[in-house]
Amino acid sequence: MEPNMNGFSWKNCFGSRRRGNKFGMKTFSRVGACLMVFSVVFVVFIFQDTAFDSITRFATTSFFATDSGEDFCLSRNQSVLYRKSSPHKPSSYLVWKLGSYEELHKRCGPHTDAYKRSIKQLKSGQIDPNSSDCKYVVWVGLAGLGNRMLSITSAFLYALLTDRVLLINQEYDMAGLFCEPFPNSSWILPEDFPLRSKLRRFKQNFDHSYGKMLKDNEINYSMKDQSYLYLYLSHDCDRHDQLFFCDQDQALLSKVPWLIMKSNVYFLPPLFLMSSFDRELNRLFPDKETVFHHLGRYLFHPSDRVWGLITQYYKDNLANAEKRIGIQIRIFHTKTSPFGYVMDQILGCIKKERLLPEIDAEKSIAFSSNNQTSRVVLVTSLFRGYFEKLKKMYGEHPTKTGEVVAVYQPSHEGRQRSWWNSHNVQAWAEIYLLSLSDELVTSAWSTFGYVAQGLRGTRPLILYKIDGTIPDPPCGRGVSMEPCYHAPPIFDCTAKTNVDIATLVPHEKKYKIKFQFGSGVLFGASDFQVKCLTTSSVDNKEVRD
């Protein structure tokens, strides 16, 4: 609920009115008058150990406007008012490492002297091997917002491990979604970057592609003439592209100042299989189930534009409930997942897990109840039918327990439009709202759900993939809150041959079940045998069912 103190209302300082997909900005004129009051409460939260439930440093240094002067990043500090404290605490080494990275980014980021020197070398192709200047990884995204957030996180961990600076090729469709994560510097690739206009056209077989150059025996192992290389790490990358995950290839790549990386998947888990990164990763993440949880909460803070949508929707519809249930429904193929099957599956999951009280179908609600709403259901889907069915059930019939259930859906756009900025704004707002749920139900195969569960820090209930019939059971608890890598590498770097990844990962689980289980798309499913590679799969301990 929104806190108040002796008549003081946070809404007076930070409230905003929603106008379609936008919100009014005039209330920001009151922010200055409220900073002192907010600061007092902010300090109280810090010392109650509720705050900044992942990485503790970041709020204090980034509360005031950044150098751009465009964004206060209210979400960085106000999130503690909406989100429960995480039980998953970061290692002290991770906190130190992130602080060290911020110093690197400040020294090497866009428009710094070091950046300008590196750009000059990139343009000329003349690399000074004795140069102590900075190295970079440029992220280029594909697919929907969930895929992009997962691949950005993967690229950031790689940058963290290799002392590179991460820069984001932000095109219009992603503009204005996130606050700058690093203080006093930007992670946005500048418009005048020499290759920027060509990045979207880089394909798997681009001339500077590392995989293609290996395939064609064009790699110069001294790397002295390589000012940049292109890494294709998407779901359909081939064996040569996957050599990126081999230690000996990393030794070569470390010599190249600029790495251009295109990806649409959570390629982070196989980094944990590499001996060159093993010691550092163990220090950073003693609990490997929390990798995305910590890095995602560190990197992704909603911009003030998106935060206005989130907080207003939360206050209007979710704030007063005793329990909030998020249900994320992703339909990939309507022919194989007809509405009736999916709806029965959702109702079966609700009943099996006792998420909501049963309705008394023999009785009707004659008028709107004034009782306090005990449970709120937040439905996110491209389609409206599932919401309408649930809303009608609980709107027309009382529950057997007397509890009042309200059902809401923020949007229903019909189809995914990842190239629309307004679509991504709405998607990010809904992902964040889902992450505020007390109980979360997600759809198999959906990266949208992965991000929500990771930010929430919970193992969700997963609606199993429908394969001609309604799954029995309809849903089950995920084995990890970590996202799943959709395309685990199939190449054994030592044996130089394709292998079953399970032979390299003793703790990878194979589930003898008919439908998808675990946290994400499952790779290589056959004969009802499925497998999933996450960071928790490669931990030293088994993941419990």
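In this text, all values refer to a predicted model and were calculated from it rather than measured experimentally.

Student: Tell me about helix H7 (residues 145-162), residues and numbers included.
Tutor: Helix length check: H7 (18 residues) gives 26 Å between terminal C-alpha atoms against 26 Å at 1.5 Å per residue, within 8%. Buried residues dominate H7, accounting for 17 of its 18 residues. One or two residues past the end of H7 sits aspartate 163, with phi positive at roughly 55 degrees.

Student: Could you give me a rundown of the nonpolar core, with the residues and numbers involved?
Tutor: The nonpolar side chains of soluble globular proteins are, as a tendency, buried together. With 117 residues, the main nonpolar core has Leu157, Leu166 and Trp428 as its most contacted residues. When residues of this core are assigned to their parent elements, the largest contribution, 11 residues, is made by H7. Not counting chain neighbours up to four residues away, the residues in contact with leucine 166 comprise Tyr101, His105, Val137, Trp139, Ile152, Ala155, Phe156, Ala159 and Trp187.

Student: Describe the sheet that holds strand S12 (residues 439-443), and please don't skip the residues or the numbers.
Tutor: Neighbouring strands of a sheet are bound in pairs by backbone hydrogen bonds; such pairs are parallel or else antiparallel. Strands sit in the order S11-S10-S9-S12-S13-S14 across an open sheet of six strands; the sheet is mixed. Edge strands, defined here as strands with exactly one partner in the open sheet, are strand S11 (404-408) and strand S14 (475-477). Averaged over all pairs of adjacent strands, the angle between their axes in this sheet comes to 20 degrees, without regard to strand direction. As defined by bridge partners, strand S13 (residues 461-463) adjoins S14 across three bridges and the pair is classed as antiparallel.

Student: Please set out the pattern of salt bridges residue by residue, giving values where relevant.
Tutor: Going through the model one piece at a time under the given rule, you end up with 14 salt bridges. Here glutamate 280 and lysine 97 are joined by a salt bridge, their closest N and O atoms 3.1 Å apart. A residue pair is termed long-range when its members are at least 10 positions apart, and glutamate 280 in helix H10 (residues 275-284) and lysine 97 in helix H5 (residues 92-108) qualify at 183 residues. Neither glutamate 280 nor lysine 97 differs from the other in exposure class; each is buried. Here the residues in one salt-bridge network are Lys97, Asp163 and Glu280, joined through shared partners.

Student: Let's hear about the packing of helix H11 (residues 291-299) against helix H16 (residues 447-456): which residues, and what values?
Tutor: The interhelical angle for the contact between H11 and H16, taken along N-to-C directions, is 90 degrees, at an axis separation of 8 Å. It follows that H11 is roughly perpendicular to H16 by the angle criterion. Contact with H11, carried on its side by Phe292, His293, Gly296 and Arg297, involves Tyr450, Val451, Gly454, Leu455 and Arg456 of H16 and no other residues of that element. For the contact of H11 with H16, the residue count by class is four nonpolar, three polar and two charged.

Student: For the packing of aromatic side chains, give the residues involved together with the corresponding values.
Tutor: In total, this model carries 27 aromatic pairs according to the counting rule given. Here the aromatic rings of phenylalanine 193 and tryptophan 258 are separated by 5.1 Å at their centres, their planes lie at 45 degrees, and the arrangement is tilted. With a gap of 65 residues between them, phenylalanine 193 in the loop between strand S6 (165-168) and helix H8 (210-215) and tryptophan 258 in strand S8 (residues 258-263) connect regions that are remote in the sequence. Tryptophan 258 gets classed as buried once you look at its relative accessible area, which sits at 1%. Judged by centre distance (6.1 Å) and plane angle (50 degrees), the rings of phenylalanine 332 and tryptophan 445 are tilted. With a gap of 113 residues between them, phenylalanine 332 in the loop between strand S9 (323-328) and helix H13 (339-353) and tryptophan 445 in the loop between S12 and H16 connect regions that are remote in the sequence. For phenylalanine 332, a relative accessible area of 38% translates into the label partly exposed. An aromatic cluster is present here, built from Tyr82, Phe178, Phe300, Trp307, Tyr314, Trp428 and Tyr432 joined pairwise through their rings. Above the plane of the ring of tyrosine 93 lies arginine 283, whose end atom (NZ or CZ) is 3.8 Å from the centre.

Student: I'd like a description of the sheet that holds strand S5 (residues 136-141), backed by residues and values.
Tutor: Pairing is parallel across the open sheet formed by four strands, whose spatial order is S6-S5-S8-S7. Two strands in the sheet have a free side with no partner beyond their single neighbour: S6 and strand S7 (228-232). Mean inter-strand twist for the sheet, computed between neighbouring axes without regard to direction, equals 25 degrees. Pairing of S7 with S8, which is carried by five bridges, proceeds in the parallel orientation. Counterpart to tyrosine 232 in the pairing with S8 is lysine 262. Across the sheet, helix H6 (residues 113-124) lies against S5, S6, S7 and S8, angled at about 85 degrees from S8, the strand it touches most. Contacts from H7 reach S5, S6 and S8 within the one sheet, and its direction differs from that of S5 by about 170 degrees.

Student: I'd like to hear about the environment of isoleucine 325, residue by residue, with values.
Tutor: Tracing the sequence through the fold places isoleucine 325 in strand S9. Note on isoleucine 325: relative accessible area 2%, which makes it buried. With 31 residues separating them in the primary sequence, isoleucine 325 and leucine 356 have C-alpha atoms 8.7 Å apart. The contact partners of isoleucine 325, leaving out residues within four places of it in the chain, are Leu355, Leu356, Arg375, Val376, Val377, Leu378, Ser437 and Glu439.

Student: So what about the state of the cysteines? Which residues, and what values?
Tutor: Here the structure, examined in full by the defined rule, presents three disulfides. Paired through a disulfide, cysteine 73 and cysteine 179 show a sulfur-sulfur distance of 2.2 Å. Residues cysteine 73 and cysteine 179 share a disulfide whose torsion about the S-S bond is about 105 degrees; that sign makes it right-handed. Highlighted residues: cysteine 73 in the loop between helix H3 (58-62) and helix H4 (74-78) and cysteine 179 in the loop between S6 and H8, separated in sequence by 106 residues. Summarising the burial analysis for this pair, cysteine 73 and cysteine 179 share the class buried. Sulfur-sulfur distance for the disulfide between cysteine 349 and cysteine 475 comes to 2.1 Å. Given an S-S torsion of about 90 degrees, the disulfide between cysteine 349 and cysteine 475 has right-handed geometry. A residue pair is termed long-range when its members are at least 10 positions apart, and cysteine 349 in helix H13 and cysteine 475 in strand S14 qualify at 126 residues. For cysteine 349, a relative accessible area of 1% gives the class buried.

Student: Could you give me a rundown of the side chain of serine 374, with the residues and numbers involved?
Tutor: Its place among the elements puts serine 374 in strand S10 (residues 373-380). Serine 374 gets classed as buried once you look at its relative accessible area, which sits at 6%.

Student: Which residues make up the confidence of the model for the protein, and what values go with them?
Tutor: In the predicted model, the protein carries a mean pLDDT of 79, and 75% of its residues have values of at least 70. Low confidence marks residues 1-54, where pLDDT is under 50. Its contacts with residues over four positions away, or in another chain, come to 93 contacts. Segment residues 56-70 is flagged for pLDDT under 50; beyond a separation of four residues in sequence, or across chains, it makes 27 contacts in the model.

Conventions adopted
For every chain, the first residue of the written sequence is number 1, and numbering continues from 1 onward in sequence order. Per-residue local features of the predicted model are confined to residues with pLDDT of at least 70, and side-chain atom pairs are confined, for both listing and counting, to 80 or more; whole-chain, interface and lining totals are unaffected and use all residues. With hydrogens and water stripped out, all remaining heavy atoms of the structure feed into the side-chain values. Only DSSP runs of H or I with at least four residues qualify as helices, and only runs of E with at least two residues qualify as strands; both kinds are numbered from the N terminus onward. Expected span of a helix: the number of residues minus one, times 1.5 Å. The buried label goes to any residue with under 20% of its type's maximum accessible area, the exposed label to any with over 50%, and the partly exposed label to all in between, with areas taken from a 1.4 Å probe on protein chains only. Residue types Ala, Val, Leu, Ile, Met, Phe, Trp, Tyr and Cys, when buried and joined through side-chain atoms within 4.5 Å, form a set referred to as a nonpolar core. In this description, contact between two residues means that some pair of their heavy atoms is separated by no more than 4.5 Å. The criterion for strand pairing is that DSSP finds at least two bridges linking the strands in question. Axis definition: a line fitted to C-alpha atoms, limited for helices to the stretch in contact. Angles are taken between N-to-C directions and run from 0 to 180 degrees. Throughout this description, the term salt bridge denotes a Lys or Arg side-chain nitrogen within 4 Å of a carboxyl oxygen of Asp or Glu. Should an angle lie under 35 degrees it is considered roughly parallel, over 145 roughly antiparallel, and from 65 to 115 roughly perpendicular; all remaining angles are considered oblique. Ten residues, namely Ala, Val, Leu, Ile, Met, Phe, Trp, Tyr, Cys and Pro, are considered nonpolar, four, namely Asp, Glu, Lys and Arg, are considered charged, and the remaining ones, Gly among them, are considered polar. Note on aromatic pairs: the rings of Phe, Tyr and Trp (six-membered ring only in Trp) are paired at centre separations within 6.5 Å, and the planes decide the class, stacked below 30 degrees, edge-to-face beyond 60, tilted for the rest. We call a charge positioned above a ring when the Lys NZ or Arg CZ atom is no farther than 6 Å from the ring centre and deviates by at most 35 degrees from the ring normal. The disulfide definition used here is simple: a pair of cysteine sulfur atoms within 2.5 Å. pLDDT measures the predictor's confidence residue by residue and takes values from 0 up to 100.

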